[in-house]
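Here are the chains, one letter per residue:
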Amino acid sequence: MKRRDFLKNSTLASGVFFVPSFVKAMGNDLLTTTGFKRLVIVQLTGGNDGLNTIVPYRNDIYYKSRPSLGIDRSSLLKIDDELGFNGNLKELKELYDSGDLCVINNVGYPNPDRSHFRSTDIWQTASASNKVLNTGWIGRYLDVHGKSPHDAIEIGNSLSLAMKGKLKNGTATENARLLYRISNDPYFTKVLSHYNNQHLSEHNMGYLYQTMIDAKESASYIFEKVKVYESRMEYNKTQFGKQLKTIAQFINSGLDTQVYYAKLSGFDTHANQMGRQDRLLSNYSKAVSAFVKDLKMNNTFNDTLILTFSEFGRRVEQNAARGTDHGAANNVFVIGNQLKKPGLFNDAPNLSNLDENGDLKYEMDFRSIYANILEDWLDVSTDKILIQPAPTVKII
Amino acid sequence: MELQHIYHLFRRAAFGILPKEANTLLNYSREEIVEMLLKESETSTPVTVDLSPFDDFFAENPNATNKDFSPIIMEHKELRLTFNKAWVDRMLNPSERLNERMTLFWANTFVCQENVPPFVQRFNNTLRENALDNFESLVASVSREPAMMKFLNTNQNRKGHPNENFARELMELFTLGTGHYTETDVKEAARAFTGWSHRVDGTFVLRKRQHDYGIKSFQGWNANLGGEEVISIIVRKKECAQFICEKIYRYFVNDRVNPAHVAELAEIFHPRGNIKDVIEHMLLSDWFYDTVNIGSKIKSPMDFFASIHLVVPFQFQGDKELVFMQRLLGQLLLNPPNVAGWEGGKSWIDTNTLMTRLKLPSLMIGNGLVPSWWSRRGFGINQESTYGAKLKVKEDWTMFDHNYGGLNPDELTQAVLAGVVNNGTAAFLDKLPKDNQRDLVIQLMSLPEFQLT
């Protein structure tokens, strides 16, 4: 940063008046890395077709059900005798080969819901299929263990339900610099200094004021940390690439944020699936690979775990529009260097034992994965965070 | 009717009201004012832009195929932005105010995204035409629109290979809500809509060879149901009345639903589905004007622009500004994030969007600076590196002087801010200098309270 810019910002800061006591004092700058683990959640929105992501190329049923959508084995990146990665996942295959990727097959939950919104809500709130929860699992983590608004950051322009708790929310941001400039405006500081408890009691008004307070806190914190860091890693020039680049920037700047969230959308391939999914998978693969490399270069990969999921998989049989309709169970990727069982965690999907809709049956409850991450990675109890119990599993 | 209630009614049922007009209505009763609003919207004037490249193409090529059509679409993509602008302009200057409000409401229920300008235009006008009419004809008309058929793949739904997308969303998002239909219903309904398609110029056509004429078992019925019959069955269900009326309540009254009030509306909706009757009942009810509902809603980006425009009319100078602003605030009209539309309420607000909204009035209609009487150094930072460079806005302060110049500070506050202003904010407002009406109004619009409607 140029000296002139630094001065400009300091001038702004010195123009700030009395800071009300309810705005917490800025944390000190000590970097606390001991025992501190990070989780990065990537949501593939729309329902990614898992069967064309990890392809069972020896299975006749697969090719019979997908006369024009079935992927030829020659273009696959083989894992073993049964399964191969979609050819657009070259970089992901490299992660697989180096032992940093765990592929979990047949992940889902009992009584699967095939609505985008319901199923996304179920994954984000970790509720039972027939229950509606208004808080997300990371939101509840913040309710119990969160100390600052920046403990969980979503890189995007709106906050997902996963990140909303009863009392605390994560922060959504796309651009740290802009956020900082605006939230440190002297006028807003003045406005905040006049607010009182009465403001907070009305639910929407209270939300506005609380968001302003959170914005000021997280903006300052993030900006101060990030301004001294410069990434040298090249990412693919897509929105998703930028999002992961921003997350890497935050991680490598030493933010003590525990959870990051990013979404890649477009997977709802009801028609002409092939080209679209190819592009999306390629985008995902390139961005994640650059992200992992970036973290490795800065020694922050050791403490980072990346979870990738989609709200459901898709139907085994293709439809009349060279696409697929909503399905159920799907694969999940976990990336890190402390995996208990890198590679294929469990068996390939059983295409001769489908449910009454012709969809894959689940074998592993996704809440088992969440529980494992909470207990063995983030080192907290699932108490008050996960409400729906699920069998124990050890991915990490 | 009292002034506060008049402002509230017009904020919710229209896009606000100028103080002069609001004051002329003081001597009228609630019934008279609501009737006036309804009468005003008995007609519905379509929003149209010049689509002659397309009109000419259809006229000269009656047997065009999609392949012939594609290059024309590519060549005139910008017309979609033209329509976006025309729709926004209409909402900023509406004559059929309630109807425009209803059109925006329905656009967030019957969510659809389309890139062919004539299809965009006709979809939007179909909503407008049916907005206050009969719910069944609204659903039926919308389902036959090429934009909707393309978006939810109805036109790829064929006998023997049904595509369930439209059938599912029809029930889940447009009429019944989750839990009130089975997977079998979805499959059977999909069969009923097979063969629904459109010609290149957008006219609806039923492709008989692709239509499944067999018996469908749907919601207790066993008959050779077509798409229209499926819609007829669905809209008459109590669950549909409940679902739609709850949406209406959340949008027009409060995002915290009062089940008794919704039930009242559902009683009127069921089974005929006369939208106007439901809206009329709501606008006449006492609970609509309850303090807990006044200023209780977070403005959508469109509401936010409209509320600024009402105070200080503005016009974006370039082509891209309006689109940029919409994107920034999270609502680019005609471009919903997904098929459920915009969630609204608190979801408009997070750290990013809130800070942007708080800053916008001063950037758009001020000179980018919030008045700086309280600080010696002032807010003399060059704004160009934030939005200044991208925003070219022409504002009409003389209009503001004309419409609001004569109001005292309390009257101005009441006109600009919805809801009851509480002690802390009142104390803050007391300390502001009142001699400059323009400065005062910019500060009012920079308060978080201005985000509520």
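Here we take up the environment of L37 of chain B. Residue and element names in this part refer to chain B. Here L37 shows up in helix α3 (residues 30-40). Its relative accessible area of 0% is what places L37 among the buried residues. Residues L37 and R97, spaced 60 residues apart in sequence, show a C-alpha to C-alpha distance of 7.3 Å.

Residue and element names in this part refer to chain A. Taking strand neighbours across the sheet as the criterion, the three strands line up as β2-β4-β3 in an open arrangement whose pairing is antiparallel. The strands lining the two open edges of the sheet, one partner per strand, are β2 (54-56) and β3 (77-78). Relative to strand β4 (residues 83-85), β3 runs antiparallel, the two sharing two bridges. The residue of β4 that forms the bridge with K78 is G84.

Our next topic: the confidence of the model for chain A. Looking at chain A, the pLDDT average stands at 87 and 89% of residues meet or exceed 70. Scored below 50 in pLDDT, residues 1-34 of chain A makes 35 contacts in the model with residues more than four places away or belonging to other chains.

A few words on the interface of chain A and chain B. Facing the 50 residues of chain A at the interface are 58 residues of chain B. Between chain A and chain B, the buried area comes to about 4,800 Å², and carbon and sulfur atoms account for 63% of it. Between the two partners, chain A and chain B, sit one salt bridge. With a shortest N-O distance of 3.4 Å, R315 of chain A and E164 of chain B are connected by a salt bridge. Here chain A and chain B share eight residue pairs in polar contact (both at pLDDT 80 or more) between them. Listed by contribution, the elements that provide at least two residues to the side of chain A that touches chain B are α4 (116-125), β7 (171-173), α6 (176-183), α7 (186-193), α8 (197-201) and α9 (203-226) of chain A.

What follows is about unusual backbone geometry. Between H270 of chain B and the following residue, P271 of chain B, the backbone shows a cis peptide bond with an omega angle of -10 degrees. Along the chain, P271 of chain B falls in the loop between α15 (259-269) and α16 (275-284). Despite not being glycine, K384 of chain A has its phi angle at roughly 70 degrees, a positive value. Among the structural elements, K384 of chain A can be located in the segment after α12 (366-377).

This paragraph deals with the side chain of R314 of chain A. Residues and elements named next belong to chain A. Relative to the helices and strands, R314 resides in the loop between β9 (304-310) and β10 (330-335). At 3.0 Å, the side chain of R314 forms a polar contact with the backbone oxygen of G46. A distance of 3.5 Å separates the side chain of R314 from the backbone oxygen of F267, its partner in a polar contact.

We now examine the pairing of strand β8 (residues 259-265) of chain A. Residue and element names in this part refer to chain A. With five of seven residues buried, β8 lies mostly within the body of the structure. In the sheet, strand β1 (residues 38-45) pairs with β8 via seven bridges, with the strands oriented parallel. Of the residues in β8, the one forming a bridge with Q43 is K263. Bridging between strand β6 (residues 152-155) and β8 involves three bridges; their strand directions are parallel. Looking at the pairing, A152 lines up with V259 of β8.

We now examine the pairing of β9 of chain A. The side chains of a regular strand alternate between both faces of the sheet. Residues and elements named next belong to chain A. For β9, the tally of buried residues reaches seven of seven residues, placing the bulk of the element in the interior. Taking every second residue as pointing to the same face, both faces of β9 are buried, with T304, I306, T308 and S310 on one and L305, L307 and F309 on the other. Strand direction decides the pairing type here: β1 and β9, joined by seven bridges, are parallel. Bridging from a neighbouring strand, V40 pairs with I306 of β9.

Definitions and cut-offs
- Residues numbered from 1 in each chain as written.
- Chains lettered and ligands numbered in written order.
- Predicted model: local features only at pLDDT ≥ 70, side-chain atom pairs only at ≥ 80, totals over all residues.
- Heavy atoms only, no water.
- Helix = DSSP H or I, 4+ residues; strand = E, 2+ residues; numbered from the N terminus.
- Buried < 20%, exposed > 50% of the residue type's maximum accessible area, 1.4 Å probe, protein only.
- Pairing = 2+ DSSP bridges.
- pLDDT = per-residue confidence, 0-100.
- Contact = heavy atoms within 4.5 Å.
- Buried area = accessible area lost by both parts, 1.4 Å probe.
- Salt bridge = Lys/Arg side-chain N within 4 Å of Asp/Glu carboxyl O.
- Polar contact = N/O pair within 3.5 Å; in protein donor to acceptor, adjacent residues only side chain to side chain.

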